[in-house]
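Structural description and commentary
Single-letter residue listing:
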Amino acid sequence: MDKARKPPRRRNAVWIERAIMAMITALSLTWSGWWLWGLSQTPAAALFVDRGVSELSAAYDRALLHDATPEALAARLSDHLDASPRDWVMIAALEDLAQAQGVTLPADLVARRVALDAEDNGWIATGVACAACAWDLRDCAVSGALTCGVAVNLTVLGDLVALTREGGHYIAGSEVDQVDVGIAFVGLAATGLVVLTGGTSLAVKGGAALLRVAHRTGRLAPEILGVFRRAFAFGIDWARLPAVRNADDLVRVARPAVLRPAVAVAQDLGRLNARLGSRQALHLMGAIDTPAEAAALGRAAEALGPRTLGTFEMLGKSRFLRLGVRLADEVWAVIAGLFAALTALLGLLGPLFGRLGRVLLRGVVRVALRV
């Protein structure tokens, strides 16, 4: 019986090992509990954080190596050339992406693209489209003709025209375009509003101009429209508006806390416009549903530059936006703590499970021998 017993030193070593594993388990669970408590005090959105520019660029580069192969790019470009009407902004974006990725497109595909470009974008077709677009932005497609209709709208004159037009509607008792007024107000008062709400004046001005064009061409999502309707309804002290004589006076009738979301959207879209140009930025605005998505696309454009629209097309909206964020460090801390606790617990209970397994195995063997 004594021979079967473990030597005292070995028994002591086992108990010390178990004590250490129990301590590691307790500490790991305490660590995880601490971080879980911290996470419970933060909004759900805080579980994810935005990637930095360099990290973001690397994430997109990895995805493009897998998705933007020569075959995939050629197939996607061919699909767009087959479409009716053809989306020449996207076609150009895919060609830019192919060039940036070092992909050589098939010669027959390039020749077909040149022939169709001459057919769709000849001087007669462009002239007709340009005249229609200049007359009314609602008749514009996102094409070369769009530049004919947005030149005025991308200046301060466009803001003044919008306010004058909607002021006339108000005096006549007609329906006022609240979104257009909200956008024009943000654009005109951009410099002063930036001081009050934070941001970059030029980006806000450019974003407000882009928003106005997108609104007039029907490319703003309901949630974005809602931001500027709230700015119109609650962000301006209308009782003091008749006393306004200049841009400085205009800022004084603003309510910064209410206008901050509108200024933020304008700034994000201004960054997008600065990196991509009006045509590609307007194209992407048709896919933006929320202010958060506008911010995500603005950050992506900072990292990708001219590749942004082509990358968006190849990866799809959901994956494109998902690559822009990562799990917060707090989440990784909880995961690491739980993994350490589980590992230590398995090490602690392993011998017990081993003994139970041997007992069960002996029982099974005995039953089998009796049978």
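For the structure given in this document, a descriptive report is provided here. (Residues numbered from 1 in each chain as written. Predicted model: local features only at pLDDT ≥ 70, side-chain atom pairs only at ≥ 80, totals over all residues. Heavy atoms only, no water.)

Let us now look at helix α17 (residues 308–315). The element α17 is largely enclosed, with a buried count of seven among its eight residues. Of all the positions in α17, only T308, L309, G310, T311, F312, M314 and L315 are classed as buried. Backbone geometry just downstream of α17 places G316 in the positive-phi region, at approximately 85 degrees. (Buried < 20%, exposed > 50% of the residue type's maximum accessible area, 1.4 Å probe, protein only. Helix = DSSP H or I, 4+ residues; strand = E, 2+ residues; numbered from the N terminus.)

Scanning the entire structure with this criterion turns up two aromatic pairs. What links up through ring pairs into an aromatic cluster is the set Y60, F312 and F320. (Phe/Tyr/Trp six-rings, centres within 6.5 Å; stacked < 30°, edge-to-face > 60°.)

For the structure on display, the rule yields 12 salt bridges. One salt-bridge network, in which partners are shared between bridges, spans E95, R113 and D117. (Salt bridge = Lys/Arg side-chain N within 4 Å of Asp/Glu carboxyl O.)

Between the first and last C-alpha of helix α3 (residues 70–82) there are 18 Å, a value that for 13 residues agrees with the 18 Å anticipated at 1.5 Å per step. All buried positions along α3 are accounted for by L73, A74, L77, H80 and L81. Buried residues of α3, viewed axially, fall in a sector of 125 degrees; they line one side. Turned more than 90 degrees away from the buried face of α3 sit E71 and D82, all of them exposed. Elements in contact with the buried residues of α3: α4 (88–100), α5 (107–120) and α17. (Expected span 1.5 Å × (residues − 1). Arc of directions from axis to C-beta. Contact = heavy atoms within 4.5 Å.)

With respect to the helices and strands, the residue N273 is situated in helix α14 (residues 256–276). Here N273 is in contact with G206, L210, S278 and A281, once residues within four sequence places are set aside.

The next subject is the packing of α4 against helix α15 (residues 278–285). Where α4 contacts α15, the axes come no closer than 10 Å and their chain directions differ by 110 degrees. It follows from the interaxial angle that α4 and α15 lie roughly perpendicular. Contacts between α4 and α15 involve V89, M90, A93 and D96 from the former and R279, Q280 and H283 from the latter. Grouping the constituent residues of the contact of α4 with α15 by class yields three nonpolar, two polar and two charged. (Axes fitted to C-alpha atoms, helices over the stretch in contact; angles between N-to-C directions. Parallel < 35°, antiparallel > 145°, perpendicular 65-115°, else oblique. Nonpolar A, V, L, I, M, F, W, Y, C, P; charged D, E, K, R; others polar.)

Purely spatial values, then, with no claim about function.
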